[in-house]
Amino acid sequence: MEGTVNPVSAHVAIKNWPEDDQPREKLINKGTHALSDAELLAILLNDGYKQKSALTLAQEVLRSASNNLGEMGKLTLEQLKKIQGIGTAKATKIIAAMELARRRQAGYMHQKRTIRQGRDAALYFKPLLGDALLESFHVLYLNHASRVLQHRCISIGGITGTIVDPKVIFREALELGATQIILCHNHPSGNLRPSTADIQITEKLKAAGRLLDISVLDHIIVSEAGYCSMVEDGFII
């Protein structure tokens, strides 16, 4: 109709859009499923920047991640701040939201709290570590009934490796009274095949565990591509 303005293509403050087009009102009236990724992100950003509405800004953030939420979850504070209109406050909101999403994905396994096989451990760790940019090494401490007593990050390294200290791992196990542990680390490269060093440290930890009567049940490697269970895939016995 002559004289109407498309609020997305022209700079019109969201509060001046027709109510049915305003992301917040749309969510209230129609539910979250009625909103696009950009509209949901616009609600999070709350306001725009100069001649950009919050929705335009949200669309730019998504484009910077190839319109892929998985890729958006990898964006660092510095990368987000390169987008005009995204300062520290907006960038930290986005990072916090993506971390909440990861923790929500991991919530099922946290509630279950029982880990009986490599697949269970992978479901536990993949949402937390699958898209991490740095390699880190983690341990799940279990009791004799395979219930999780504690989850610990043992070390955080670089893109290609991290340092593992057996003393730290087993001191924690003894303090918790754990009788079983499952090891896990991520491969930022996406390659799920264990390295020679991965296999060697696993065998070393298994040997140390036998001396303390603490079983090393498995060593899981996770990445965006999936997971590798060293036991299920035959790398260790």
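None of the values given here were measured: they were computed from a predicted structure.

K.L.:
I'd like a rundown of the side chain of histidine 185, residues and numbers included.
P.N.:
For histidine 185, the location among the structural elements is in strand β3 (residues 180–186). Within the local environment of histidine 185, its side chain forms a polar contact with the side chain of histidine 187, the two groups lying 2.9 Å apart. With residues up to four places along the chain from it excluded, the contact list for histidine 185 reads Glu135, Ser136, Phe137, Asp198, His219, Ile220, Ile221 and Val222.

K.L.:
Run through the packing of aromatic side chains, naming residues and quoting values.
P.N.:
As enumerated under the stated definition, the model contains one aromatic pair in all. Each ring, one from tyrosine 124 and one from phenylalanine 125, has its centre 5.2 Å from the other, and the planes form 70 degrees; the classification is edge-to-face. Exposure remark for phenylalanine 125: the relative accessible area of 0% places this residue in the buried category.

K.L.:
So what's going on with a nonpolar patch on the surface? Which residues, and what values?
P.N.:
On the surface, Leu27, Ile28 and Leu40 cluster together into a nonpolar patch covering about 240 Å² of accessible area. Along the chain, leucine 27 falls in helix α1 (residues 23–30). Note on leucine 27: relative accessible area 30%, which makes it partly exposed.

K.L.:
So what's going on with the pairing of β3? Which residues, and what values?
P.N.:
With seven of its seven residues buried, β3 lies for the most part within the structure. Alternating residues of β3 divide into Gln180, Ile182, Cys184 and Asn186 and Ile181, Leu183 and His185, and every residue in both groups is buried. In this sheet, β3 lies alongside strand β1 (residues 136–142) in antiparallel orientation, the contact comprising six bridges. Of the residues in β3, the one forming a bridge with tyrosine 141 is isoleucine 181. As paired elements, β3 and strand β4 (residues 215–223) share seven bridges and run parallel to each other.

K.L.:
Mind laying out the pattern of salt bridges, listing which residues take part and the relevant values?
P.N.:
Here the structure, examined in full by the defined rule, presents seven salt bridges. The closest approach of N and O atoms between lysine 26 and glutamate 39, which form a salt bridge, is 3.0 Å. Linking lysine 26 in helix α1 with glutamate 39 in helix α2 (residues 37–45), this pair joins segments that are 13 residues apart in sequence. Residue classification places glutamate 39 among the buried positions, given a relative accessible area of 11%. Lysine 52 is paired through a salt bridge with glutamate 60; the nearest N and O atoms lie 2.9 Å apart. In the salt-bridge network here, residues are joined through shared partners; they are Glu71, Lys74 and Glu224.

K.L.:
For the sheet that holds β4, give the residues involved together with the corresponding values.
P.N.:
A sheet is described by the order of its strands in space; here five strands give the open sequence β2-β1-β3-β4-β5, paired in mixed fashion. The sheet is open, and its two edges are formed by β2 (148–156) and β5 (226–229), each paired on a single side. Averaged over all pairs of adjacent strands, the angle between strand axes in this sheet comes to 20 degrees, irrespective of strand direction. Inspection of the sheet shows β4 paired to β5 by four bridges, in the antiparallel sense. Paired with isoleucine 220 across the two strands is serine 229, which belongs to β5. Each of β1, β2, β3, β4 and β5 touches helix α7 (residues 118–129); the most contacted strand, β4, lies at about 40 degrees to it.

Procedures and definitions
Residues numbered from 1 in each chain as written. Predicted model: local features only at pLDDT ≥ 70, side-chain atom pairs only at ≥ 80, totals over all residues. Heavy atoms only, no water. Helix = DSSP H or I, 4+ residues; strand = E, 2+ residues; numbered from the N terminus. Polar contact = N/O pair within 3.5 Å; in protein donor to acceptor, adjacent residues only side chain to side chain. Contact = heavy atoms within 4.5 Å. Phe/Tyr/Trp six-rings, centres within 6.5 Å; stacked < 30°, edge-to-face > 60°. Buried < 20%, exposed > 50% of the residue type's maximum accessible area, 1.4 Å probe, protein only. Patch = residues over 30% accessible without salt bridge, like charges linked within 9 Å, V, L, I, M, F, W, Y side chains within 5 Å. Areas by Shrake-Rupley, 256 points an atom, 1.4 Å probe, with all protein chains shown as cover. Salt bridge = Lys/Arg side-chain N within 4 Å of Asp/Glu carboxyl O. Pairing = 2+ DSSP bridges. Axes fitted to C-alpha atoms, helices over the stretch in contact; angles between N-to-C directions.

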